[in-house]
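Each chain, letter by letter, is given below.
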Amino acid sequence: MWEFRLIAVKEQECELREALQTLESKEKCSFNVESGESSKGGKYLSLRLSCQVDSLERANFLASEMGRLPGVKFMI
């Protein structure tokens, strides 16, 4: 199991969630998505995603793809 944390612009949450579903379909993986805390000013949100990966290369690839999704500012 691999865990990713995305920090994203709250205004783009719907677009981001749709893009995550598209990524799941395209890459044939299943993300367990949990909402984290929002920033103090409410501009940013965090999402914790976990999924089963078979290698570090696969995890790095998924991280790279998620980093390009709408509203994502950075990943932890």
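Small disclaimer: the values here were computed from a predicted structure and weren't measured. Counting of residues starts from 1 at the beginning of each chain's written sequence and follows it residue by residue. The model is predicted, so local features are restricted to residues of pLDDT at least 70 and side-chain atom pairs to those at 80 or more, both for listing and for counting; the totals for chains, interfaces and linings are taken over all residues. For the side-chain quantities, the full set of heavy atoms in the structure was used; hydrogens and water were omitted.

The next subject is the overall build of the protein chain. Strands here mean DSSP runs of E at least two residues long; helices mean DSSP runs of H or I at least four residues long; both are numbered from the N terminus. Of the regular secondary structure elements, the protein chain holds two helices and four strands. In summary, the protein chain has a C-alpha radius of gyration of 12 Å against a globular reference of 11 Å for 76 residues, a match within 12%. Once the C-alpha set of the protein chain is aligned to its principal axes, its extents read approximately 40 × 20 × 20 Å. The contact rule is simple, with two residues in contact once any of their heavy atoms fall within 4.5 Å. Sequence separation of 24 or more characterises 67% of the internal contacts of the protein chain that already satisfy a separation of 6 or more. Here the Shrake-Rupley method, with its probe set to 1.4 Å, supplies the accessible areas, and only the displayed protein chains count as covering residues. Surface summary for the protein chain: the accessible area is close to 4900 Å², and the carbon and sulfur share equals 48%. By the counting scheme adopted, Arg and Lys are positive, Glu and Asp are negative, and His together with the chain ends is not counted. Taken as the charge centre is NZ of Lys, CZ of Arg, CG of Asp or CD of Glu, depending on the residue. Here the protein chain contributes 11 positive and 12 negative side-chain charges, whose respective centroids are spaced 5 Å apart. With the radius of gyration taken over C-alpha atoms, the globule rule is written as 2.2 Å times the number of residues to the power 0.38.

On to helix α2 (residues 56-67), then. What a helix should span is 1.5 Å times the count of its residues minus one. Here α2 spans 16 Å end to end across twelve residues, near enough to the 16 Å set by a 1.5 Å rise per residue. Each residue gets one of three labels from its accessible area relative to the maximum for its type: buried under 20%, exposed over 50%, partly exposed in between, using a 1.4 Å probe on protein chains only. Residues of α2 that are buried include every one of Ala59, Leu62, Glu65 and Met66, and no others. Angularly, the buried residues of α2 cover 125 degrees about the axis, an arc narrow enough to put them on a single face. Within this analysis, the arc is defined by the directions that extend from the helix axis to the C-beta atoms.

Our focus in this paragraph is the environment of Met1. Within the secondary structure layout, Met1 lies in the segment before β1 (2-9). Residue Met1 is classed as exposed on the basis of its relative accessible area, which comes to 66%. In this structure, the C-alpha to C-alpha distance between Met1 and Ser50, residues 49 residues apart in sequence, is 6.5 Å. Those residues in contact with Met1, other than ones at most four positions away along the chain, are Ser50, Cys51 and Gln52.

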